[in-house]
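Inside the fold
The chain contents come next:
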Amino acid sequence: FESKNLKFQEYRKKWEEQALKFEHGNFPLFIDIETTNICNFKCTFCSTVLIPVDEHAFIDDELVYKLIDEGKDNGLYGVKFNMRGEPTLHKSLSKFIRYAVDAGLVDVYFNTNASRLDEKKSIEIIESGLTRITFSFEGYEKEYYEKTRVNGKFDKIVGNIRRFYQLREEMKSDTPKIRVSGVLLPEMKQNLQKYIDFWQPYADQVSTNDYIEEDEEKHIHKKTKANWACNQLWQRMAVWCDGTLLSCNQDYYGDLALGNLNDI
């Protein structure tokens, strides 16, 4: 998040201060736009494996453009083009990115399993102006990776990520910034430095996410009391590929749905 861009600095300042002060502003700073709820992987640790999806779908192109147009006029700073699914499955992903960048958004990114990033698509994405990308990858060994990332092929994915990095360097592009991030599963936690060393030459950042053992019970709404408030409520909103508007990008059941943008 280091940038000399004044608009970006303004964005990160609001991101921090609004959460601390419980101020929501007049429009979200950031919107998670789900390009599709379809994923070609069945990862053992992923909550989306447990969550029922009524209908597999891709977001309508015009809805994406409508969201970005409204955001551009109301102080939107950034978008992420995925939630429950794999964004590179959407044929218009590069067009969405370019549209967002051309609209003046300063934080445009997505997470991906990198399975569809052949050379042509990688070049398209780099040329689109994407500001950052996160490659989701656990470990550094074939057997372990393919056991956890079901349907993933270790050699192919490693090759895709490394080639993406090389292409960015060959094209002399400052963007997208590249992060490799994995869920900190027990086996990976024991060999964390090897994981970092394996990916550091091909990324601007190597990081991990805490492992949460998933079960359906954890996603059922319960009455709770706590002296803590989620920071994301003051920073961002989310839109499913069917147009459902959500106040939380972790609301996998749509319990906090606020309506549907296709009805407006």
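Look up a bit, the structure's there.
Taken as a whole, this structure holds 18 aromatic pairs when the rule is applied. Pairing Y11 with Y77 gives two aromatic rings, centres 5.3 Å apart and planes at 20°, and the pair type is stacked. With Y11 in helix 1 (residues 6-21) and Y77 in the loop between helix 2 (61-72) and strand 2 (78-80), the pair connects residues that are 66 residues apart, well separated along the chain. Each member of the pair, Y11 as well as Y77, carries the same accessibility label: buried. When the centroid spacing of 6.0 Å and the interplanar angle of 35° are considered together, the rings of F81 and F96 count as tilted. A residue pair is termed long-range when its members are at least 10 positions apart, and F81 in the loop between strand 2 and helix 3 (93-102) and F96 in helix 3 qualify at 15 residues. Like F81, the residue F96 is buried in the burial classification.

Let us look at the environment of L256. With respect to the helices, strands and loops of the structure, L256 is situated in the loop between strand 8 (244-246) and strand 9 (257-260). With 10 residues separating them in the primary sequence, L256 and L246 have C-alpha atoms 6.0 Å apart. If sequence neighbours within four positions are ignored, L256 has contacts with L245, L246, S247 and D251.

What follows deals with the nonpolar core. V79, F81, F135, F137 and W199 are the most contacted members of the largest nonpolar core, which totals 55 residues. With seven residues, the top contributor of residues to this core is helix 6 (residues 154-170). Discounting residues that sit within four places of it in the chain, W199 has contacts with F137, G139, V158, I161, V180 and V206. Counting eight residues, the second largest nonpolar core, distinct from the first, contains W15, L29, V106 and Y109.

Calculation rules
Residues numbered from 1 in each chain as written. Predicted model: local features only at pLDDT ≥ 70, side-chain atom pairs only at ≥ 80, totals over all residues. Heavy atoms only, no water. Phe/Tyr/Trp six-rings, centres within 6.5 Å; stacked < 30°, edge-to-face > 60°. Helix = DSSP H or I, 4+ residues; strand = E, 2+ residues; numbered from the N terminus. Buried < 20%, exposed > 50% of the residue type's maximum accessible area, 1.4 Å probe, protein only. Contact = heavy atoms within 4.5 Å. Core = buried A, V, L, I, M, F, W, Y, C linked by side-chain atoms within 4.5 Å.

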